[in-house]
Amino acid sequence: MLELKQLYQGFREPETIARLAEQIKQQAELVKQRDPAEKINIMEVCGGHTHTIMKYGLNQLLPDNIEFIHGPGCPVCIMPKERIDHAITLASQPDIILVTLGDMIRVPGSKGSLAQCRANGHDVRPIYDPLDTLQIAKDNPDRKVVFFAIGFETSTPMTVVLLEQAEKLAITNLYFHINHVLVPPAISAVMADPAVRVNAFIGPSHVSVIQGSEIYRFAVDNYNTPVVVSGFEPVDVMESILRITTQRAKGVAELDNQYTRAVTPEGNTKAQELVNTYLCVREDFRWRGLGPIPESALRLRDEYQHRDAEIKFADILQHEPIEDHKACQCGDILRGLCKPKDCKVFARGCTPDSPMGSCMVSSEGACNAYYRYSGVTENA
């Protein structure tokens, strides 16, 4: 049986990281010899990887022809303001208890945040285990409980288990506002941009624990782009960079799984079946910083519309898109056209305590990582 310590033990060793850095330099030199102008532009899709790179200074160990392009980051980062406003609107109703994962509490919409909503006396309850929502609903039978569900493919099964239990226990006052998004369509949206500079991907391994590594095969086949599914420890990331650089040196594009200690090609098929029982693909979903992406999110299947908060409370929810501050350059950062420090409002009004854009909103956002780990002085 896999033990928890096997997922991280030995993956922060400086000696191993130094050896990997040297091997990366050797492979990068082969790329440079073939074409001095060629850059290896790696997009790490998940903000967990971004924070590992910045926190441990991995970017400083790499040669100058390797560059990171920071991807969507996390579900909190890409949640558009109008969806956050949905949560605030629902929580503001006297007969509703709004339940969501803790990360969502501070994310700003156009009407403030859920934290401010809670401070104003409304019933907003942050949780870390979605199943805690069952007890909240049981304890408050005279009130409506709305679970504001967020997450990539990683956390979707937890929402579905909650829904399954609510059905089995006939808990009729529990509703779901589904905001689960899908990584592959976001990759396609990035690659469809004519200005894109990405030519390699580090794939988030937690997504592949559920969905399998094969979900990234399309990026290799359609865009001739190397993809390495990577763990989140420093050695994981460095080994994945080495594998990408080796592919670029050989002039090949392959799907590779660095995180074999937890990821298989097919993923967790039982979890996939459970998700497909209750959820289906939404026609489109607007990603904060990237815009509308077709078939990039999930919704409740029609037979579970009686649980759908967007239907139950349709008369009080607005759907008009609400854009970020015009000075915010998160969209350009996500496409690799600029770095966080290039943004005019970075650390000048946009900070982790008062985020203006998607990349600063979450602890996993690229701007958040630069702010925390790059020695930034506010208002510099």
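It should be noted that the structure appears before, not after, this text.
Since we're looking at a predicted model, the values are computed, not measured. Residue positions are given per chain, counting from 1 as you read along its sequence in written order. Since the coordinates come from a predicted model, pLDDT governs what is reported: local features require at least 70, and pairs of side-chain atoms require 80 or more to be given and counted, while whole-chain, interface and lining totals use all residues. Hydrogens and water are ignored here; the side-chain numbers use all heavy atoms of the structure.

Caption draft 1: Seen up close, the sheet that holds strand 3 (residues 96–101). DSSP bridges decide pairing: two strands pair if at least two such bridges lie between them. The way it works is that DSSP assigns letters per residue, a run of H or I at least four long becomes a helix, a run of E at least two long becomes a strand, and they are numbered from the N terminus. Across the sheet, which stays open at both edges, the four strands sit in the order 4-3-5-6 with parallel pairing between neighbours. Strands at the two margins of the open sheet, each flanked by one partner only, are strand 4 (124–127) and strand 6 (174–180). In this sheet, adjacent strand axes meet at a mean angle of 20° when their direction is disregarded. As judged from the five bridges shared by strand 3 and strand 5 (residues 144–151), these two strands associate in the parallel manner. Bridge assignment links isoleucine 97 to a residue of strand 5, and that residue is valine 145. As a rule, the C-alpha atoms of each element are fitted with a line to give its axis, helices using only the stretch in contact, and angles between N-to-C directions run from 0 to 180 degrees.

Caption draft 2: Focus on the state of the cysteines. Defined by distance alone, a disulfide is two cysteine sulfur atoms within 2.5 Å. With the rule as written, the count across this model stands at zero disulfides. Cysteine 74 provides the cysteine sulfur closest to cysteine 46, a residue in no disulfide bond, and the two sulfurs are 7.4 Å apart. Between buried and exposed lies partly exposed: a residue is buried under 20% and exposed over 50% of the maximum accessible area for its type, with that area taken using a 1.4 Å probe on protein chains only. On the basis of relative accessibility, which here comes to 2%, the residue cysteine 46 falls in the buried class.

Caption draft 3: View of the side chain of glutamate 164. On the secondary structure map, glutamate 164 appears in helix 6 (residues 156–168). Charged-residue counts in this description rest on Lys and Arg as positive and Asp and Glu as negative, His and the chain ends being excluded. Criterion for a salt bridge: a side-chain nitrogen of Lys or Arg within 4 Å of a carboxyl oxygen of Asp or Glu. Lysine 168 is the oppositely charged side chain nearest to the buried, salt-bridge-free glutamate 164, at an N-O distance of 4.1 Å.

Caption draft 4: Expanded view of the pairing of strand 2 (residues 66–73). A large share of strand 2 lies buried, amounting to eight of its eight residues. Looking down the strands as they point away from the viewer, one classifies a crossover as right-handed if the path from the first strand across the helix to the second runs clockwise. At this point the chain moves from strand 1 (residues 40–46), through helix 2 (residues 47–55), to the parallel strand 2, and the crossover so formed is right-handed.

Caption draft 5: Layout of helix 15 (residues 366–373). Burial analysis of helix 15 places six of its eight residues in the buried class, which makes it a mostly covered element. Of the positions making up helix 15, those classed as buried are Ala366, Cys367, Asn368, Ala369, Tyr370 and Tyr371. Glycine 375 occupies a position one or two residues after helix 15 and carries a positive phi of about 65°.

Caption draft 6: Looking closely at the environment of arginine 286. Tracing the backbone through its elements, the reader meets arginine 286 in strand 11 (residues 284–287). Each C-alpha atom, one on arginine 286 and one on proline 80, is 6.7 Å from the other, the two residues being 206 residues apart in sequence. Aside from chain neighbours lying at most four places away, what touches arginine 286 is Ile78, Pro80, Glu82, Gly291, Pro292, Pro321, Ile322 and Glu323. The definition of a polar contact used here is a pair of N or O atoms within 3.5 Å, where within protein one atom must be able to donate a hydrogen and the other to accept one, and adjacent residues in sequence count solely through side-chain atom pairs. One polar contact links arginine 286 to glutamate 82, side chain to side chain, over a distance of 2.7 Å. Any pair of residues with heavy atoms lying within 4.5 Å of one another is described as a contacting pair.

Caption draft 7: Summary view of the sheet that holds strand 1. One open sheet holds the five strands; their spatial order is 2-1-7-8-9, and the pairing between them is parallel. For this open sheet the edge positions go to strand 2 and strand 9 (255–257), each flanked by a neighbour on one side alone. For this sheet the average axis-to-axis angle between neighbouring strands, irrespective of direction, equals 20°. As judged from the six bridges shared by strand 1 and strand 2, these two strands associate in the parallel manner.

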